[in-house]
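# Observations on chain architecture
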Amino acid sequence: MTLRGGMGPEGSNPLRRGQVPILSDGSKATMSLGKVRLTSAKRVTGFRTGALATALLIIGSLSCSLPLTAQEEGPLGPAAPKPEPQLYNPPVRPPEPATERRPSTPHATSPITKDPPSIPVEQIIQQFAAREAEFRVERENFTYVQTFVVQTIDDGGRVDGEYRLTSDVTFTPSGKRYEEVTYAPQPTLERIMLSKEDFDDLRNVQPFVLVTEDLPKYNITYVGRQQLDEIGTYIFDVAPKTIEKNQRYFQGRIWVDDRDLEIVKTYGKAVPDIHKGNNENVFPRFETYRENIEGHFWFPTYTHADDVLNFKTGGVHIRMTVLYSDYKRFRVSVRLLPPPPGTPPPDQTPKPPPPPATH
């Protein structure tokens, strides 16, 4: 996140109302939420046109109409900035009313113990990374809703600016994955701007998945064991070995279910922070929880950050929430399993043609 008035590495906020974020492979970004509200936000609720026929008859002028806009009350704060030119205006579908809540998340119910695991640590790492690779493929077979909210908080603890985006992650009839923006009110952030890296982190770092091919990029240190409600977990500290140019990484701590060997909780931040001259791009610490949605797979359902971004000119208190909901399977993964040990290879000897028919 960059200070408004300055410019991030890309020069401006890369995503405004109606634009659809694009993944690095060219496909459109996807994620989820639908029936959860975080805070009330100002939004235009309707337009009314009134005919002023009586007044016009009195003054002898031609009839005309004056559009009036009704606006709901919302959190106090500065007036919204003048809307910028829009690239595309999708149909706005306000989320259905619902009680404010956050998904149930596991809480620590025991201190961290240094008890060694029952199997070697390196074996645990290899096994959970393999499971994470399966999960990354499996999640691509689900539709879901994602709501992304960033707020700035003033010294009195009140919200003084907000960015909100709700998207449906779904598939075309032909099976191509895409994202449809369903709710994108005009942003009211005045002190910070969201950067390209913020949206990259939204897709790849906050729902952190540590797969086998990424293990060489990280130092992974066993910390101990901890109980999260009824879930026993192994704890690991994770940090990138080196920072490659234009690459984003996770640095922090992960909790791995000791039975399913999948990440169930993440705490840390996206790195690196970016400082280029007077341009600063700083990122908050966040916590992500997963829930057991199907089989042994744990899906991210809630990310939250409440942090102060320390710029050279002073700190900016922000809150960020990402909610993922309505996970629904669209298609089934097919895996070719190797034959059991000792199974003879199939006979590759070509069979002779059948003898010619005799009369």
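In what follows, the structure referred to is the one given above.
A short tour of the structure in this document, coming up. Residue positions are given per chain, counted from 1 along the sequence in the order it is written. It should be noted that, the model being predicted, local features are given only for residues of pLDDT at least 70 and side-chain atom pairs only at 80 or more, the latter also being counted only at that level, while totals for whole chains, interfaces and linings use all residues. Excluded from the side-chain calculation are hydrogens and water; included are all heavy atoms of the structure.

With that settled, consider the pattern of salt bridges. What counts as a salt bridge is simple: a side-chain nitrogen of Lys or Arg found within 4 Å of a carboxyl oxygen of Asp or Glu. The full count for this structure, using the stated rule, is 19 salt bridges. Residue E138 is joined to R329 by a salt bridge in which the shortest nitrogen-to-oxygen separation is 2.3 Å. Here E138, found in helix α2 (residues 121-139), pairs with R329, found in strand β16 (residues 314-329); they are 191 residues apart in sequence, far enough to count as distant. Three exposure classes are used, based on accessible area relative to the maximum for each residue type with a 1.4 Å probe and protein chains only: buried under 20%, partly exposed in between, and exposed over 50%. By relative accessible area, E138 is classed as buried at 9%. Classification of R329 as partly exposed rests on a relative accessible area of 30%. Among the salt bridges present, the one from D154 reaches R158, with a minimum N-O distance of 3.3 Å. Overall, the relative accessible area of 51% leaves R158 in the exposed class. We count a stretch as a helix when DSSP gives it H or I for four or more residues in a row; a strand needs E for two or more, and each element gets its number in order from the N terminus.

Here we take up the sheet that holds strand β5 (residues 159-171). At least two DSSP bridges between two strands are required for those strands to pair. Read from one edge to the other, the open sheet built from 10 strands follows the order β6-β5-β4-β16-β15-β14-β11-β10-β9-β8, with strand pairing classed as antiparallel. A single partner strand is all that each edge strand has here, and the edge strands are β6 (177-183) and β8 (218-228). Between one strand axis and the next, the sheet turns by 20° as a mean value, whatever way the strands run. Pairing geometry for β8 and strand β9 (residues 231-240), over 10 bridges, is antiparallel. Note that in β9 the partner of R225 across the bridge is Y234. Any two residues whose heavy atoms approach within 4.5 Å are treated as being in contact. Angles here are taken between N-to-C directions and fall from 0 to 180 degrees, while the axes themselves are lines fitted to C-alpha atoms, restricted in helices to the stretch in contact. α2 contacts β4 (142-153), β6, β8, β9, β10 (249-257), β11 (263-271), β14 (285-294), β15 (297-311) and β16 of the sheet and is inclined by roughly 100° relative to β15. Along the sheet face, helix α3 (residues 196-204) touches β4, β5, β11 and β16 and points at about 140° away from the line of β4.

Moving on to the nonpolar core. We define a nonpolar core as any set of buried Ala, Val, Leu, Ile, Met, Phe, Trp, Tyr and Cys residues linked to one another through side-chain atoms lying within 4.5 Å. Ranked by internal contacts, the top residues of the largest apolar core, which has 51 residues, are F128, F148 and I254. Ranked by the residues each element gives to this core, the list is headed by β16, at six residues. Sequence-distant contacts of I254, that is, excluding residues within four places in its chain, are made with F128, F208, L210, Y234, I235, F236, V238, I263, K265 and T266. In terms of nonpolar packing, the next biggest core, distinct from the first, is built from seven residues, I231, W255, V264 and W298 among them.

Here the focus is α3. Counting buried residues in α3 gives seven out of nine residues, a clear majority hidden from the surface. Residues E197, D198, F199, D200, D201, L202 and R203 constitute the buried set of α3.

This part covers the pairing of β15. Alignment of β14 against β15, held across seven bridges, turns out to be antiparallel. Residue pairing across strands places E287 opposite H304, the latter belonging to β15. Connecting the antiparallel pair β14 and β15 is a turn made up of two residues, with G295 showing a positive phi of about 55°. Both β15 and β16 contribute to a ladder of 10 bridges, which runs antiparallel. Its bridge partner lying in β16, H304 is registered against T321. The turn linking β15 back onto β16 is made up of two residues.

One can find R290 in strand β14. Separated by 28 residues in sequence, R290 and E262 have C-alpha atoms that sit 9.7 Å apart. Contacts of R290, omitting those with residues within four sequence positions, involve E132, F135, F208, V209, E262, I263, V264, W298, F299, P300 and T301. Pairing of N or O atoms within 3.5 Å defines a polar contact, subject to two protein rules: one partner must be a possible hydrogen donor and the other a possible acceptor, and residues neighboring in sequence count only if both atoms are side-chain atoms. Looking at R290, its side chain comes within polar contact range of the main-chain oxygen of F208, at 2.7 Å. A polar contact is formed between the side chain of R290 and the backbone oxygen of W298, at a distance of 3.4 Å.

Right, let's get into the environment of I274. Within the secondary structure, I274 sits in strand β12 (residues 274-276). Separated by 272 residues in the primary sequence, I274 and T2 have C-alpha atoms spaced 9.6 Å apart.

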